[in-house]
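Structural characterization, general
Single-letter residue listing:
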Amino acid sequence: MKTRKIWANFSVKDVERTSRFYHQLGFAENKSAHPGLASFFFGDDRFVIHFFQQGTQIDAYLPPGPSSPEVIFTLAASSRAEADQWKERVQAAGGMIYGNDGQDTSRYYGFMFADPDGHRFNVLVLEEGM
């Protein structure tokens, strides 16, 4: 079986707040006429993540917030400096940094953050030779 496209869906409490957050991080919006939906492109391949307003059709499929099982998406940074810039932008936009940031015991450099609804992301740099 071959699929033409894959994307992710999240439930959020305030779609306007979510839209502001991802705009502040610099992600391009995937324009949609659907009310109660903020949608953005991630990465060079333009992976789409839809953020549906709680109280819309998403409720039938996915409970809101981090209490539901979900995937942690990793966003690739090209350098430590870029990862540090991401961290500053996430904090300025109202995201929450959690866990250990910097270099971990596996020699990976980066940090983890949650958006205003608690959806988790990881910004990660792979150093040369890793």
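These lines cover the structure that appears in this document, whether it is placed above or below. (Residues numbered from 1 in each chain as written. Predicted model: local features only at pLDDT ≥ 70, side-chain atom pairs only at ≥ 80, totals over all residues. Heavy atoms only, no water.)

1. Topic: the packing of aromatic side chains
Taken as a whole, this structure holds 17 aromatic pairs when the rule is applied. Residues F21 and Y22 carry aromatic rings whose centres are separated by 4.9 Å and whose planes lie at 85° to one another, so their mutual orientation is edge-to-face. Like F21, the residue Y22 is buried in the burial classification. With 4.7 Å between their ring centres and 25° between their planes, Y22 and F51 make a pair best called stacked. Of the two residues, Y22 is situated in helix 1 (residues 15–24) and F51 in strand 3 (residues 47–53); the sequence distance between them amounts to 29 residues. Each member of the pair Y22 and F51 is classed as buried. In this arrangement the basic side chain of R89 is found over the ring face of W86, its NZ or CZ atom lying 6.0 Å from the centre. Between the NZ or CZ atom of R120 and the centre of the ring of Y98, over which it lies, the distance is 4.8 Å. (Phe/Tyr/Trp six-rings, centres within 6.5 Å; stacked < 30°, edge-to-face > 60°. Buried < 20%, exposed > 50% of the residue type's maximum accessible area, 1.4 Å probe, protein only. Helix = DSSP H or I, 4+ residues; strand = E, 2+ residues; numbered from the N terminus. Lys NZ or Arg CZ within 6 Å of the ring centre and 35° of its normal.)

2. Let's talk about helix 1
Listed as buried for helix 1 are V15, T18, S19, F21 and Y22. Burial along helix 1 is one-sided: seen end-on, the buried residues are contained in an arc of 160°. Of the exposed residues in helix 1, those oriented more than 90 degrees away from the buried face are E16 and R20. Looking at the buried side of helix 1, the elements it contacts are strand 1 (7–12), strand 2 (37–42), strand 3, helix 2 (80–92), strand 6 (109–114) and strand 7 (120–125). The backbone nitrogen of E16 has a side-chain oxygen 3.1 Å away, supplied by the residue at the start of helix 1, namely D14. (Arc of directions from axis to C-beta. Contact = heavy atoms within 4.5 Å. Polar contact = N/O pair within 3.5 Å; in protein donor to acceptor, adjacent residues only side chain to side chain.)

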